[in-house]
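What follows is the residue order along each chain.
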Amino acid sequence: MALTKAELAEALFDELGLNKREAKEFVDLFFEEIRERLQSGKEVKLSGFGNFELRNKNQRPGRNPKTGEEIPISARRVVTFRPGQKLRLRVELDATG
Amino acid sequence: MTKSELIERLAARQTHLMHKDVELAVKLILDRVSMALAKQDRVEIRGFGSFALHHRPSRIGRNPKTGEAVTIPAKHVPHFKPGKEMRERVNDSASD
């Protein structure tokens, strides 16, 4: 079962007493704010969690896997996530057993 | 942008919330996402992206100082896959 925005809003309602509308709005705004920063070319560093970084990729040759036809993959900017030490340890310890 | 800058920006946009609550809310969201991953659950945020675990099998490594072979145990590492809207918005701004 995947965690979604609905459960995050529910947690803000249960644990912080935000009303349902405020909780939903806050969760939306939280992710929107990170996206806006990345869109404006800024990296986002959330200590204890991880960093969202930007990488510029050059154009490279690609292939349509169905037809085998060669088509260039255009130059693009992509987001990568580097998990922080704390998150890596938390996941490693809990998930390997 | 750091976590404290994120908190400031959200507080400026959510003036009806107490600053302390904005801070707690940001920490709660990050904690829930981490908790889900620790339980091997996926996290799916439409338009933003999804977080999941990738498995790294056990391998033989070497202590770079002594040259001694050591077994590095299997582990899981968090992985983020950007969603469609995220990919498009980040890429569009690069070509402006």
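The shown structure was predicted, so the numbers you read here are calculated from the model rather than taken from an experiment.

**Student:** Help me understand the domain arrangement of chain A, please; the structure alone is not making it clear to me.
**Tutor:** As a measure of interface size, the accessible area lost when the parts come together is often cited. Residue and element names in this part refer to chain A. For chain A, the assigned domains read domain 1 (1-42) and domain 2 (44-96). A separation of 22 Å is found between the C-alpha centroids of domain 1 and domain 2. Interface area for domain 1 against domain 2, summed over the two sides, is near 480 Å², with a carbon-plus-sulfur share of 82%. Looking at the side of domain 1 facing domain 2, the largest losses of area belong to Ile34, Leu38 and Gly41, adding up to 78% of the total buried there. Summed over the shared surface of domain 1 and domain 2, the result is 0 salt bridges. At the junction of domain 1 and domain 2, the tally comes to 0 residue pairs in polar contact (both at pLDDT 80 or more).

**Student:** Explanation requested: the sheet that holds strand 5 (residues 75-82) of chain B in the structure shown.
**Tutor:** The strands that make up a sheet pair up through hydrogen bonds in the backbone, lying either parallel or antiparallel. All names here are of chain B. The strand order 1-2-5 describes an open sheet built from 3 strands, whose pairing is antiparallel. Of all the strands in the sheet, the pair left with one neighbour each is strand 1 (43-45) and strand 5. The mean angle between the axes of side-by-side strands here comes to 30°, regardless of whether they run parallel or antiparallel. Taken together, the 3 bridges between strand 1 and strand 2 (residues 49-56) define a ladder with antiparallel strand orientation. From the neighbouring strand, glutamate 44 faces strand 2, where its bridge partner is serine 50.

**Student:** Can you walk me through the interface of chain A and chain B in this structure?
**Tutor:** At the interface, 49 residues of chain A touch 50 residues of chain B. Interface area for chain A against chain B, summed over the two sides, is near 4900 Å², with a carbon-plus-sulfur share of 67%. On the chain A side of the interface with chain B, the three residues burying the most area are Leu3(A), Phe26(A) and Arg35(A), jointly 13% of the side's total. Linking chain A with chain B are 7 salt bridges, by the criterion used here. Among the ionic pairs, Arg35(A) bridges to Glu85(B), the shortest N-O distance being 3.7 Å. Put simply, chain A and chain B have 16 residue pairs in polar contact (both at pLDDT 80 or more) between them. Those elements giving two or more residues to the side of chain A that touches chain B turn out to be helix 1 (5-16), helix 2 (20-39), strand 1 (44-46), strand 2 (50-57), strand 5 (76-83) and helix 3 (85-95) of chain A. Residue composition of the side of chain A that touches chain B, grouped by class: 28 nonpolar, 4 polar and 17 charged.

**Student:** I keep staring at the nonpolar core and nothing clicks. Help me out?
**Tutor:** The nonpolar side chains of soluble globular proteins are, as a tendency, buried together. Among the nonpolar cores identified, the biggest contains 46 residues, and Phe26(A), Phe52(A) and Phe51(B) are the most heavily contacted of them. The element that contributes the greatest number of residues to this core is helix 2 (residues 19-38) of chain B, accounting for 9 residues. Non-local contacts of Phe26(A), meaning those with residues more than four positions away in its chain, are made with Leu12(A), Leu18(A), Leu10(B), Gln14(B), Leu17(B), Val22(B), Ala25(B), Val26(B) and Ile29(B).

**Student:** I keep staring at the sheet that holds strand 5 of chain A and nothing clicks. Help me out?
**Tutor:** All names here are of chain A. With antiparallel pairing, the 3 strands of this open sheet are ordered in space as 1-2-5. In this open sheet, the two edge strands, each paired with only one partner strand, are strand 1 and strand 5. Taking each pair of neighbouring strands and ignoring which way they run, the sheet shows an average axis angle of 25°. Sheet analysis places strand 2 next to strand 5, joined by 8 bridges and oriented antiparallel. From the neighbouring strand, lysine 57 faces strand 5, where its bridge partner is arginine 76. Here helix 2 sits on the sheet and contacts strand 1, strand 2 and strand 5; the angle it forms with strand 1, its principal contact strand, is near 140°.

What counts and what doesn't
- Residues numbered from 1 in each chain as written.
- Chains lettered and ligands numbered in written order.
- Predicted model: local features only at pLDDT ≥ 70, side-chain atom pairs only at ≥ 80, totals over all residues.
- Heavy atoms only, no water.
- Domains from an automatic or database assignment.
- Buried area = accessible area lost by both parts, 1.4 Å probe.
- Salt bridge = Lys/Arg side-chain N within 4 Å of Asp/Glu carboxyl O.
- Polar contact = N/O pair within 3.5 Å; in protein donor to acceptor, adjacent residues only side chain to side chain.
- Pairing = 2+ DSSP bridges.
- Helix = DSSP H or I, 4+ residues; strand = E, 2+ residues; numbered from the N terminus.
- Axes fitted to C-alpha atoms, helices over the stretch in contact; angles between N-to-C directions.
- Contact = heavy atoms within 4.5 Å.
- Nonpolar A, V, L, I, M, F, W, Y, C, P; charged D, E, K, R; others polar.
- Core = buried A, V, L, I, M, F, W, Y, C linked by side-chain atoms within 4.5 Å.
- Buried < 20%, exposed > 50% of the residue type's maximum accessible area, 1.4 Å probe, protein only.

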